[in-house]
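Given next are the chains, with one letter for each unit.
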Amino acid sequence: MAFSEKRENNGAAEDSNHSRLIKLREFDDTKLGVKGLVDAAVAKVPEIFRISNNNLDHSSSGSVLTIPVIDLKHPNTTAAAAVRREIVGGIRGSCEEWGFFQVVNHGIPEGILDEMIQGVRRFHELDPEIKKRYYTRDLISGFFLVSNFDLYRSAAASWRDTMGCVAAPDLPPPEQLPDATRDILIEYSKQVKQLSKTILELLSEALGLEPNRLNQLGCGAGQLLLGHYYPACPEPEVTIGVTDHTDASFITILLQDQIGGLQVLHRNKWVDVQPRKGALVVNLGDLLQLVSNDKFISVSHRVVPKRIGPRISVACFLRPLIHKGDTDSPPVYGPIPELLSEENPPVYVEADVREFMRIHSSRGLDEPSPLQHFRV
Ligand code: OGA
Ligand code: NI
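Residues numbered from 1 in each chain as written. Chains lettered and ligands numbered in written order. Predicted model: local features only at pLDDT ≥ 70, side-chain atom pairs only at ≥ 80, totals over all residues. Heavy atoms only, no water.

A. Representation of the site of ligand 1 in the model. Taken together, the neighbourhood of ligand 1 is formed by His228, Tyr230, His245, Asp247, Leu254, Leu262, His301, Val303, Arg311, Ser313, Ala315 and Phe317. Interatomic distance of 3.1 Å between a side-chain N/O atom of His245 and an oxygen atom of ligand 1. Between ligand 1 and Ser313 there is a distance of 2.6 Å, counted from an oxygen atom to a side-chain nitrogen or oxygen. Surface burial for ligand 1 is 94%, taken as the share of its 290 Å² of free accessible area covered by protein chains. Counting residues per element, the ones that place at least two in the shell around ligand 1 are β5 (222–230), β11 (301–303) and β12 (311–319). Among the elements that line the shell around ligand 1, the one with the most residues is β12, at 4 residues. For the shell around ligand 1, the per-class residue count stands at 6 nonpolar, 4 polar and 2 charged. (Near = heavy atom within 4 Å. Polar contact = N/O pair within 3.5 Å; in protein donor to acceptor, adjacent residues only side chain to side chain. Areas by Shrake-Rupley, 256 points an atom, 1.4 Å probe, with all protein chains shown as cover. Helix = DSSP H or I, 4+ residues; strand = E, 2+ residues; numbered from the N terminus. Nonpolar A, V, L, I, M, F, W, Y, C, P; charged D, E, K, R; others polar.)

B. Broad picture of the sheet that holds strand β8 (residues 262–266). Read across the sheet, 4 strands follow the order β6-β11-β8-β9 without closing on themselves; strand pairing throughout is antiparallel. A strand with exactly one partner marks an edge of an open sheet, and here the two such strands are β6 (242–245) and β9 (269–272). The mean inter-strand angle of the sheet, taken between neighbouring strand axes irrespective of direction, is 25 degrees. Pairing between β8 and β9: 4 bridges, direction antiparallel. (Pairing = 2+ DSSP bridges. Axes fitted to C-alpha atoms, helices over the stretch in contact; angles between N-to-C directions.)

C. Structural view of unusual backbone geometry. With an omega of 10 degrees, the peptide bond between Ala168 and Pro169 qualifies as cis. Between Gly309 and the following residue, Pro310, the backbone shows a cis peptide bond with an omega angle of 5 degrees. Of note, the phi angle at Lys31 is positive, near 60 degrees, even though the residue is not glycine. On the accessibility criterion, Lys31 (34% relative accessible area) is partly exposed. In the Ramachandran plot, Asn105 falls in the positive-phi region, its phi being about 50 degrees despite a non-glycine side chain. Position of Asn105 among the secondary structure elements: in the loop between β2 (100–104) and α4 (110–124). (Buried < 20%, exposed > 50% of the residue type's maximum accessible area, 1.4 Å probe, protein only.)

D. Main features of the side chain of Ser298. Of note, Ser298 is situated in the loop between α8 (286–291) and β11. Of the residues examined, Ser298 reaches a relative accessible area of 11% and is grouped as buried. Side-chain polar atoms of Ser298 contact the side chain of Asp286, separated by 2.7 Å.

E. Layout of the pattern of salt bridges. Tallied over the full model, the rule gives 19 salt bridges. A salt bridge links Arg267 to Glu97, with the nearest nitrogen and oxygen atoms 2.6 Å apart. Of this pair, Arg267 sits in the loop between β8 and β9 while Glu97 sits in helix α3 (residues 80–97), placing them 170 residues apart in sequence. Across the pair Arg121 and Glu125 runs a salt bridge whose closest N-O atoms are separated by 3.5 Å. (Salt bridge = Lys/Arg side-chain N within 4 Å of Asp/Glu carboxyl O.)

F. Looking closely at the packing of α4 against helix α6 (residues 182–206). In contact at an axis separation of 9 Å, α4 and α6 are set at 135 degrees when each is read in the N-to-C sense. The angle between α4 and α6 falls in the class oblique. Every pair of crossing elements has a handedness; the one defined by α4 and α6 is left-handed. From α4, Ile112, Leu113, Glu115, Met116, Gly119 and Arg122 reach across to α6, where they touch Ile184, Leu185, Glu187, Tyr188 and Gln191. Here the contact of α4 with α6 is built from residues that sort into 6 nonpolar, 2 polar and 3 charged. (Parallel < 35°, antiparallel > 145°, perpendicular 65-115°, else oblique. Left-handed = near helix turned anticlockwise from the far one by under 90°. Contact = heavy atoms within 4.5 Å.)

G. Structural detail: the nonpolar core. Ranked by internal contacts, the top residues of the largest apolar core, which has 90 residues, are Ile91, Tyr188, Leu203, Leu214, Ile251, Leu280 and Leu290. With 10 residues, the single largest contributor to this core is α6. If we skip the residues at most four places from it in the chain, Leu280 touches Phe101, Gln102, Val103, His106, Ile108, Leu113, Tyr188, Leu195, Ile253, Leu254 and Leu255. (Core = buried A, V, L, I, M, F, W, Y, C linked by side-chain atoms within 4.5 Å.)

Interpretation in functional terms is not warranted from these geometric data alone.
Okay, structure coming up:
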């Protein structure tokens, strides 16, 4: 290609990048997210949300396979030890095979789950002028509303808005939480903290460790709670709700409503995670894959948009303490020593989690996970 020709082509690409950036800013400046577009009755999905890949295929494999369901009920009988062994075995199998499972009889009353979904919905459906005040790209300092935290980094924007806040070690002070969701957010977060302790105990046992090991490591010490709102989409086939990604967390506890759309990559095929009333979805994130030295896997998942909606989900990410003031020294995580042996040498170096999270949040969700930076 002649030099001048190449320059012209680059010039065209720059123009198109520039005009995309202007459109992204315009969208961001509305502070009303995708909900704002839907309220304005857009008939077509705007350019910035369109995925250029012609092969965009939302279909699942139609597989009859479903992610395993683990019943956490502990009978108060002498069978308790056997039941626990069964639960731990089920979790171990799920974590090796799927990186995902659902839990039932987890102790959080269904009324609280339903009200949490409603609380997220009420917030996203607030009067635009009230809602706007919470719109920010600062996801650390307090309660926030944002559309696409990777808006300026991803190849295409996703059909989704998100509210949330850090939930552990502490929620923001109650007066900073919007009325629409305050009470249930406080209650739900309390319940999820309790459940996350139990799940980390079971996961420790599933790894063959002391039950307290992952809790002592601080795997649930930091929590980020997100309330996603996926509005009905006029052209679901051209965009995505959440791009294919893995979570950076140790584990994620996800509550979804009955609409569906979450898919998990299993043996190279997308499998639908069928909504199940009263259940919670648990998936492993990159940090758990790292400390487990690849024994357990952090698996790709995505959300496909639908003509119906809104779909609502609430994700609680269990992470280490990472923010300034949370800890004196930067937390470092590597493969847990008890899991290593001559036959099973470490496949990761120790990772400074602030560096890990910095890599995680400086990229588009559609780019490779930070895990690979820490491979031996
Ligand atoms: C996430 C996520 C899935 C969902 O927030 O990381 O994968 O169903 N959410 O909203
Ligand atoms: Ni996720």
